[in-house]
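# Descriptive structure summary
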Amino acid sequence: MLRERTVRLLYGSRVEAVYVLGTHLWTDVYSAAPAGAKTFSLKHSEGVKVEVVRDGEAEEVVSNGKQRWALSPSTTLRLSMAQASTEASSDKVTVNYYDEEGSAPIDQAGLFLTAIEISLDVDADRDGEVERNNPKKASWTWGPEGQGAILLVNCDRDTPWLPKEDCSDEKVYSKQDLKDMSQMILRTKGPDRLPAGYEIVLYISMSDSDKVGVFYVENPFFGQRYIHILGRQKLYHVVKYTGGSAELLFFVEGLRFPDESFSGLVSIHVSLLEYMAEGIPLTPIFTDSVMFRIAPWIMTPNILPPVSVFVCCMKDNYLFLKEVKNLVEKTNCELKVCFQYMNRGDRWIQDEIEFGYIEAPHKGFPVVLDSPRDGNLKDFPIKQLLGPDFGYVTREPLFENVTSLDSFGNLEVSPPVTVNGKTYPLGRILIGSSFPLSGGRRMTKVVRDFLQAQQVQAPVELYSDWLTVGHVDEFMTFVPIPGKKEFRLLMASTSACYQLFREKQKEGHGEAVMFKGLGGMSSKRITINKILSNESLMQENQYFQVCLVCLKWFLRHLKRQNSLEPGLNRLDCFFPTVNMIVLDKDLGIPKPFGPQIEEECCLETHVRSLLEPLGLACTFIDDISAYHKFLGEVHCGTNVRRKPFTFKWWHMVP
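Residues numbered from 1 in each chain as written. Predicted model: local features only at pLDDT ≥ 70, side-chain atom pairs only at ≥ 80, totals over all residues. Heavy atoms only, no water.

## Observations regarding the pattern of salt bridges
According to the stated counting rule, one finds 32 salt bridges in the structure shown. Here Lys-363 ties to Asp-180 by a salt bridge, and the two come within 2.5 Å at their closest N and O atoms. With Lys-363 in strand S24 (residues 363-370) and Asp-180 in the loop between helix H1 (175-179) and strand S12 (182-190), this residue pair connects regions lying 183 residues apart in the sequence. For the pair formed by Lys-363 and Asp-180, the shared burial category is buried. Across the pair Glu-329 and Lys-325 runs a salt bridge, and its minimum N-O distance is 2.6 Å. By relative accessible area, Glu-329 is classed as exposed at 52%. (Salt bridge = Lys/Arg side-chain N within 4 Å of Asp/Glu carboxyl O. Helix = DSSP H or I, 4+ residues; strand = E, 2+ residues; numbered from the N terminus. Buried < 20%, exposed > 50% of the residue type's maximum accessible area, 1.4 Å probe, protein only.)

Written as structure tokens, this is what we have:
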């Protein structure tokens, strides 16, 4: 940080120097002495504190010029000042040199000082305001007592006619865009002018040039102009020194999210440069720095309140759309329909995008993560979602093949959990994957690296490749417990289904018919007895159950945060019921069309018996013709944007 520096004196000469408040200025009186000099005395202005340092011991000087000190190679002067100068070179230190016996000085050296204050400031204490000279502003620490400024990636679009996000160019068209940025203030104080040969420069490193941008508002009172001064090809900016007490306001935007090759930390520096001699570059004699962390992209679990429900309008899903609309009307959220001109026949809106958000102390907004799946819905997030205070981010693989596991039905996040004593207050991301060493399908590395680099939701890969589609939402979901800070994990269970069917068979309902009212499927008259007597079907489901047991063994290590009960509370449900939409206490569950007993589906009855005592309301939605026959269910055909966590991500320790 260059908080100490040395100025060279020379007898018989006047040396001018700029002193920055908060630093120490050293000078060597021995090497500056004339021949024959044996002792020296000092005089200095009232505003200058002078200490004689001999063999590591410091002695403050009283400015009367009477005390003398012996010259020796181990004797130096340490200077400091407490206030900025009102005029250039108005403070001075005079060194008088004496021979062995003389009472009059044989020569003298003069140091004329101009004291200025320079401070580059940010919101390092994370209270939404830029404080003055926080001592921890150049570092970044996690936790409730942590320090360090936060930066948002400026990935929304405040200007309607722009084709991409605001951070994609070097222009600012509105004050709304500035509100997405973090403020940075350069404070200076000193005389009306600096001595000749000094410059103040803001700069960033080459490695940060594609990660951060800085703007300055020119002519704030007469037709404001927003000038891009740092970022991309601009590595430094010479700041005009205005004299007196001044505050220059800058606006800082993030350009990139944390990723495999980027930790998320960026630094901005200000230096006072001094001219030394012709042909020698300007030399930094003081540097002040600040550090920002780019805010991570955060996923929102089912336990958070819904804001909007998204669903595609298709030629064949009118009834499904109607039932979803009825469900949404029970909640405090809105229904947003993606019409056919935009979805172009692609109904899987869950697979195309994942909703999340970014947040800093001064602001936050939702950000949609666009999957590399790129079906016919690929234009939807940019054309329909990207806008003012609604951001966009994507990761596209360059060399990997995109598979079904890259669809975002394969991307979920748990509620807050504690694992082996470590708390994850924002939950953990869950990704379906192949069995280790199996060489099966896996989500592309570029997306997995992106999720891992956000740090705050520590991704976990689960074995899902045994499924045809292979998505985690096919066999698990989380539901909140109304009125409590608790949740339940619902998992598919083929063994639980067989157990229920055997119970109904023993009760005399073996001839109860499944898929009643489903045309061709019901004409085959599939009964409980036929299901239980089908050996090949049972063996196949036993394999599925082994896979599910492996998952349960892993997931039992997840514990509810704020729970009074040990372990994980789990409910076994049935395929495809867990592929549901969760809207607070209201659940939209795929209608299973199970065996009819006394005019009621025994699967629906059993699911209600498990969930309704918890305060949850079950609505069974018929998705057979519009989704099930295309290998998807209610959750696959819907998507939910939710409110962000109240917990501030910077308070956690990853």
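Now that the structure is up, let's keep going.
## Quick word on the sheet that holds strand S40 (residues 638-642)
Reading across from one edge, S22-S21-S40 is the order of the three strands in this open sheet, with mixed pairing throughout. This sheet does not close on itself; its edge strands, each paired only once, are strand S22 (334-338) and S40. Strand-to-strand, the axes of this sheet are offset by a mean angle of 25°, without reference to chain direction. Inspection of the sheet shows strand S21 (residues 306-312) paired to S40 by five bridges, in the antiparallel sense. Counterpart to Ser-308 in the pairing with S40 is Arg-641. (Pairing = 2+ DSSP bridges. Axes fitted to C-alpha atoms, helices over the stretch in contact; angles between N-to-C directions.)

## Things to note about the environment of Val-95
Relative to the assigned elements, Val-95 resides in strand S9 (residues 91-98). Among the residues examined, Val-95 registers a relative accessible area of 0% and is labelled buried. Once the C-alpha coordinates of Val-95 and Leu-10 are considered, the two residues, 85 residues apart in sequence, prove to be 10.0 Å apart. Sequence-distant contacts of Val-95, defined by excluding residues within four places in its chain, comprise Leu-9, Val-29, Phe-40, Ser-41, Leu-42, Leu-77, Asp-107, Gln-108 and Ala-109. (Contact = heavy atoms within 4.5 Å.)

## Quick notes on the packing of aromatic side chains
The full count for this structure, using the stated rule, is 15 aromatic pairs. Their ring planes at 75° and their centres at 5.6 Å tell us that Trp-161 and Tyr-173 sit as a pair that is edge-to-face. Here Trp-161 is found in the loop between strand S11 (149-151) and H1, whereas its partner Tyr-173 is found in the loop between S11 and H1, with twelve residues between them in sequence. When the ring of Trp-649 is compared with that of Trp-650, the centres are 5.4 Å apart and the planes differ by 85°; the resulting orientation is edge-to-face. (Phe/Tyr/Trp six-rings, centres within 6.5 Å; stacked < 30°, edge-to-face > 60°.)

These figures capture arrangement, not role.
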